[in-house]
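# Per-entry structural report
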Amino acid sequence: MKALERAWIDARARLRTLRGRTAGRAGLPARIVLRLDDLDPPPSTELFPGAGGSTPRNAPRPDGEPPAADALVAALAQAGAVPVHLVARATHDDLVPLARLAMRLDAPVHIRTSASGLDAAQAAALLDARPVEIHVRVAGTSDAVQGAVLGEDVATGIAALTHLMRARHAAGAATRILAAWVPSEDGAPQLRGVFDQARRAGLDGVVIVAPWTGMPVGDALRAALAWADTQHAPFHATPPAVRAWLADMTADGAPGLPGRRGACPIADVQWDLSTPGCVRACPFQPDPAPLDAESWHPALAAHRDRVRSCGRRCAHPDVPAP
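Described in the following lines is the structure provided in the data block. The shown structure was predicted, so the numbers you read here are calculated from the model rather than taken from an experiment.

Residues G205 and V207 point to one face of strand β6 (residues 205–208) and V206 and I208 to the other, with burial holding for every one of them. Summarising the sheet, strand β5 (residues 176–181) and β6 pair through 4 bridges and their orientation is parallel. When the bridges of β6 are listed, W181 appears paired with I208. Note on the crossover from β5 through helix α7 (residues 191–201) to β6: the handedness is right-handed.

Moving on to the environment of P43. Position of P43 among the secondary structure elements: in the loop between β1 (31–35) and α2 (69–79). Residue P43 is classed as partly exposed on the basis of its relative accessible area, which comes to 36%. Apart from the residues within four sequence positions on either side, P43 is in contact with W212, T213 and F284.

So, about empty space enclosed by the protein. In this structure the tally under the stated criterion is 1 cavity of 30 Å³ or more. When its volume is computed, the largest cavity comes out at roughly 40 Å³. Around the largest cavity, the lining residues are I208, L225, A228, D229, H236, R243, L246 and A247. Counted by class, the lining of the largest cavity contains 5 nonpolar, 1 polar and 2 charged residues.

The geometry of an aromatic ring pair is captured by the separation of the ring centres together with the interplanar angle, meaning the angle of the planes. Applying the stated criterion to the full structure yields 3 aromatic pairs. Plain terms: the ring middles of F195 and W227 are 5.1 Å apart, the flat faces sit at 90° to each other, and that makes the pair edge-to-face. Here F195, found in helix α7, pairs with W227, found in helix α8 (residues 219–228); they are 32 residues apart in sequence, far enough to count as distant. Using a relative accessible area of 16% as the deciding quantity, one classes W227 as buried. One aromatic cluster is present, formed by F195, W227 and F235 through successive ring pairs.

The next subject is the pattern of salt bridges. As enumerated under the stated definition, the model contains 13 salt bridges in all. Residues R100 and D128 are paired through a salt bridge, measuring 3.6 Å at the closest nitrogen-oxygen approach. Taken together, the residues span a long stretch of sequence, with R100 in helix α3 (residues 95–104) and D128 in helix α4 (residues 120–128) at a distance of 28 residues. By relative accessible area, D128 is classed as partly exposed at 42%. Between D229 and R243 there is a salt bridge, with its nearest N and O atoms 3.1 Å apart. Note that D229 is positioned in the loop between α8 and α9 (240–247) and R243 in helix α9, a separation of 14 residues in sequence.

Cut-offs applied
Residues numbered from 1 in each chain as written. Predicted model: local features only at pLDDT ≥ 70, side-chain atom pairs only at ≥ 80, totals over all residues. Heavy atoms only, no water. Buried < 20%, exposed > 50% of the residue type's maximum accessible area, 1.4 Å probe, protein only. Helix = DSSP H or I, 4+ residues; strand = E, 2+ residues; numbered from the N terminus. Pairing = 2+ DSSP bridges. Right-handed = clockwise from strand over helix to strand, strands pointing away. Contact = heavy atoms within 4.5 Å. 1 Å grid on protein atoms, 1.4 Å probe; cavity = no way out; pocket = protein on both sides within 12 Å on 5 of 7 lines; lining within 4 Å. Points joined across faces, edges and corners; volume = space filled by probe spheres on them. Nonpolar A, V, L, I, M, F, W, Y, C, P; charged D, E, K, R; others polar. Phe/Tyr/Trp six-rings, centres within 6.5 Å; stacked < 30°, edge-to-face > 60°. Salt bridge = Lys/Arg side-chain N within 4 Å of Asp/Glu carboxyl O.

This is the structure we're talking about:
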């Protein structure tokens, strides 16, 4: 993708985001989200009933394209070229084909994935799709924490990031590669070590991932988040709004945090295609619109109205904070 074209797409996405956040007007999205499996799913979701390690998928199409390809093509045909955020384990069969498809449709691609299964061949395939960013989930610098939170060991995480860095060098790609830290009380004392390892590995930064719902914040996590606030961008890549959200985080079992003022802006800036055959703005709201050229816009309007009336304030990557 040429630099001028990419700059135009980014500018259009920013304009749509600003319009959605300030005017609350239903329009075309600033980004498209597609979760392919049970990697970091919304809690209590019915999207992936086999959560816990499986990677459910539909039958492939006769032409070999992944089953989600039709939805992605239809959405991009309506929205134009906008950033596409793909979330899946590195082993998911459709991750690379969908990234390549989005690239062919001139949509900037962002990928959030696991370390497990991200070997040299998979890293090269991902970099071949020229994504803007790849976030690899990490939890800590010890096997105990990494295993408890993500079901992986530290060596797997280091190897995955090393494969990506080598593939980026070999491909001459401009992809940003970041460690996405998944917070936990046990992993909190290791956050400095995560930053140190990321710097030594030559990564482009560390981003702290806000949870879907508020979580308990003990002394260790509170201290780690306070320390993280002393780290500077762009290496500390957590958006300022998310950092503020994390500082206020509580555990009430509901999406995000209470106390939003005004309508939730995500209704007018995001299309989420994670439910097969459907489109929605927020994964927590029921009754997504069927992805059908004749009926989906009226149904999506009703869904958006429900989102706007939500009093919660979210900061998860798939429901970004204002």
